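Structural characterization, general
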Amino acid sequence: MGGPLAGLRVVEIASLGPGPFCAMMLADMGADVVRIDRPGKGAAAFLPLKPEADVLNRGRRSVALDLKCAAGAAAALDLIAEADALVEGFRPGVMERLGLGPEPCLARNPALVYGRMTGWGQTGPRSHTAGHDIDYIALSGALAAVGEAGGAPVPPLNMVGDFGGGAMLLGFGLLAALLAARSTGQGQVVDAAMVEGSALLMAPVFGYASQGFWRPERGANLLDGGAPFYAVYETACGGHMAVGALEPPFFATLVETLGVADHEAVQQQYNPARWPAMRALFDQTFRSRDRAAWTALFEGSDACVAPVLSYTEAPDDPHNRARDSFVTVDGVVQPAPAPRFSATPAAAPKPAPKPGADTLSALSDWGFSAERIEALAASGAFGADPVAPAS
């Protein structure tokens, strides 16, 4: 498999959301990621996705092991002993109860990077309680910053906690620890908490606020929709255009293209007293044409204006098509691996496997003998159902 992480071996313990997304990114970049699934089930999920349609699970192999069975846990430990990194997303203490906590794993593999993905972190008064993205970003201050003026906070999907402040934070932490392990030979635990990751994403806001450039009210600031030149406007067809003309040269191009450069409301861009009139003018103007017309009018300009596309429209955008920003894998349209690498480009992603589809081949590739695999099957480590080779 191509990519800058080719040769890296990762064990993923099946979980939901940010753990799989982190493992997906590692696999996209060429790492050999072996996912340990529950026999016959995979990770528990609240959406009944077909395995091949679960984009977060693409690009790796699945081994079915019953971790509550002593032989299954022992097999998992043997896999971990051959890995460079581990990704797990259970509540604190679960891996320890399975006999797969950091202590035994690092004893077997001192250079292992042990990645732990949780919402609250491994310690603290909330660490053992349940939660989801919305709860974690609520505690970090991120959720309170999103929403319209005078309205309630609006969940920004589950991107800020689960994926940006969770999976990507863990991926960064794993690679940082792997660099350290390669120079020192010493592995370590990476404790990635979505509360802290989403708080980290708020770093600019804390800086702006310290200088008096950010107010706690929603929809009152430069980047939260408060400024009329950084906002979304409805068009005649019911579509929307995103405007991000922050800098004066871009703002000048915006108002010129809109045909309102001489209007009094746009003469003082950064004067908040002018913003209500400016917003009303922009709103009225954008409603005069449909989205396609505005898209064509702003095409190629530096006005920082773009059409707001749905997830069904984005893959067909000319820019996205030109860069192959989306791919189709087994009939499922999905984002392509990113970022791009000039010398070690990532290979096309492979579809997500069915749970346990690669048990025999993956174990064999990672050094398990045929006799060991037969003994594991006889012990019930693979579950009650017979294990078939991957097709």
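Computed from a prediction, not measured in an experiment: that's the story for all the values here.

Right, let's talk about the packing of helix α9 (residues 248–258) against helix α11 (residues 291–298) for a bit. Interhelical geometry of α9 versus α11 gives an angle of 125° and a closest axis separation of 11 Å. The orientation of α9 with respect to α11, classified from their angle, is oblique. With respect to the hand of their crossing, α9 and α11 are arranged in right-handed fashion. Taking contact as the criterion, the partners of L254, T257 and L258 in α9 are, on α11, W294, L297 and F298. Its residues placed into classes, the contact of α9 with α11 shows five nonpolar, one polar and no charged.

Time to look at the sheet that holds strand β3 (residues 61–64). With parallel pairing, the six strands of this open sheet are ordered in space as β3-β2-β1-β4-β5-β6. In this open sheet, the two edge strands, each paired with only one partner strand, are β3 and β6 (188–193). Averaged over neighbouring strand pairs, the angle between their axes works out to 20° when direction is ignored. When strand β2 (residues 32–37) meets β3, the two strands line up parallel, connected through four bridges.

We now examine the environment of P204. With respect to the element layout, P204 can be found in helix α8 (residues 203–210). We classify P204 as partly exposed; its relative accessible area is 42%. As a C-alpha pair, P204 and W214 span ten residues in sequence and 9.9 Å in three-dimensional space.

V10, L26, A31, V33, V113, L170 and L174 are the most contacted members of the largest nonpolar core, which totals 30 residues. Listed in part, the 28 residues of the second largest apolar core include V11, L67, L98 and F368.

Time to look at a nonpolar patch on the surface. Among the surface-exposed residues, Y208, F213, L222, L223, Y230 and Y270 lie close enough to one another that they form a single nonpolar patch of about 580 Å² accessible area. Position of Y270 relative to the elements: it lies in the loop between α9 and α10 (275–286).

To continue, consider unusual backbone geometry. Going from A338 to P339, the amide bond is cis rather than trans, its omega being 5°. For P339, the position within the fold is in the loop between β11 (332–335) and α13 (359–365). The phi dihedral of D324 is positive, around 55°, even though this residue is not glycine. Judged by its relative accessible area of 51%, D324 is exposed.

In a pair of packed helices, the angle between the axes and the distance between the axes together describe the arrangement. One way to put it is that α9 packs onto α10 with a least axis distance of 11 Å and a crossing angle of 50°. Looking at the two axes, α9 sits oblique to α10. Helix-helix and strand crossings are classified by hand; for α9 and α10 the assignment is left-handed. Between α9 and α10, the contacting residues are F251, L254, V255 and L258 on the first element and M278, F282, T285 and F286 on the second. For the contact of α9 with α10, a count of residues per class yields seven nonpolar, one polar and no charged.

Going through the model one piece at a time under the given rule, you end up with twelve aromatic pairs. Measuring from centroid to centroid gives 5.3 Å for Y233 and F286, while their planes differ by 10°, and the two rings are stacked. In this pair, Y233 sits in strand β7 (residues 230–234) while F286 sits in helix α10, placing the two residues 53 residues apart along the sequence. Relative accessible area serves as the criterion here: at 2%, Y233 is assigned to the buried category. Relative accessible area serves as the criterion here: at 0%, F286 is assigned to the buried category. With centroids separated by 5.1 Å and ring planes inclined at 55°, the aromatic side chains of F286 and W294 adopt a geometry described as tilted. Residue classification places W294 among the buried residues on the basis of a relative accessible area of 1%. Through pairs of rings, three or more aromatic residues link up here, namely F229, Y233, F251, Y270, W275, F282, F286, W294 and F298. The ring of W120 has R126 sitting right over it, with the charged end atom 5.2 Å from the ring centre.

Right, let's talk about helix α5 (residues 133–140) for a bit. Within the span of α5, buried status applies to D133, Y136, I137 and S140. Taken end-on, α5 shows its buried residues confined to a sector of 90°, consistent with a single buried face. On the buried face of α5, the contacting elements are α6 (159–184) and α7 (194–201). At the exit of α5 stands G141, carrying a positive phi of roughly 95°.

It is worth spelling out the state of the cysteines at this point. Applying the stated criterion across every chain, the model contains zero disulfides. Looking at the unpaired C69, the closest cysteine sulfur is the one in C105, lying at 17 Å.

This part covers the sheet that holds strand β8 (residues 240–244). One open sheet accounts for three strands, arranged β7-β8-β9; its pairing is antiparallel. Every interior strand has two partners, whereas the edge strands, β7 and β9 (305–307), have only one. Taking the axes of each pair of neighbouring strands and ignoring which way they run, one obtains an average angle of 20° across the sheet. Examined bridge by bridge, β8 and β9 share three bridges and lie antiparallel to one another.

The rules behind the values
Residues numbered from 1 in each chain as written. Predicted model: local features only at pLDDT ≥ 70, side-chain atom pairs only at ≥ 80, totals over all residues. Heavy atoms only, no water. Axes fitted to C-alpha atoms, helices over the stretch in contact; angles between N-to-C directions. Helix = DSSP H or I, 4+ residues; strand = E, 2+ residues; numbered from the N terminus. Parallel < 35°, antiparallel > 145°, perpendicular 65-115°, else oblique. Left-handed = near helix turned anticlockwise from the far one by under 90°. Contact = heavy atoms within 4.5 Å. Nonpolar A, V, L, I, M, F, W, Y, C, P; charged D, E, K, R; others polar. Pairing = 2+ DSSP bridges. Buried < 20%, exposed > 50% of the residue type's maximum accessible area, 1.4 Å probe, protein only. Core = buried A, V, L, I, M, F, W, Y, C linked by side-chain atoms within 4.5 Å. Patch = residues over 30% accessible without salt bridge, like charges linked within 9 Å, V, L, I, M, F, W, Y side chains within 5 Å. Areas by Shrake-Rupley, 256 points an atom, 1.4 Å probe, with all protein chains shown as cover. Salt bridge = Lys/Arg side-chain N within 4 Å of Asp/Glu carboxyl O. Phe/Tyr/Trp six-rings, centres within 6.5 Å; stacked < 30°, edge-to-face > 60°. Lys NZ or Arg CZ within 6 Å of the ring centre and 35° of its normal. Arc of directions from axis to C-beta. Disulfide = S-S within 2.5 Å.

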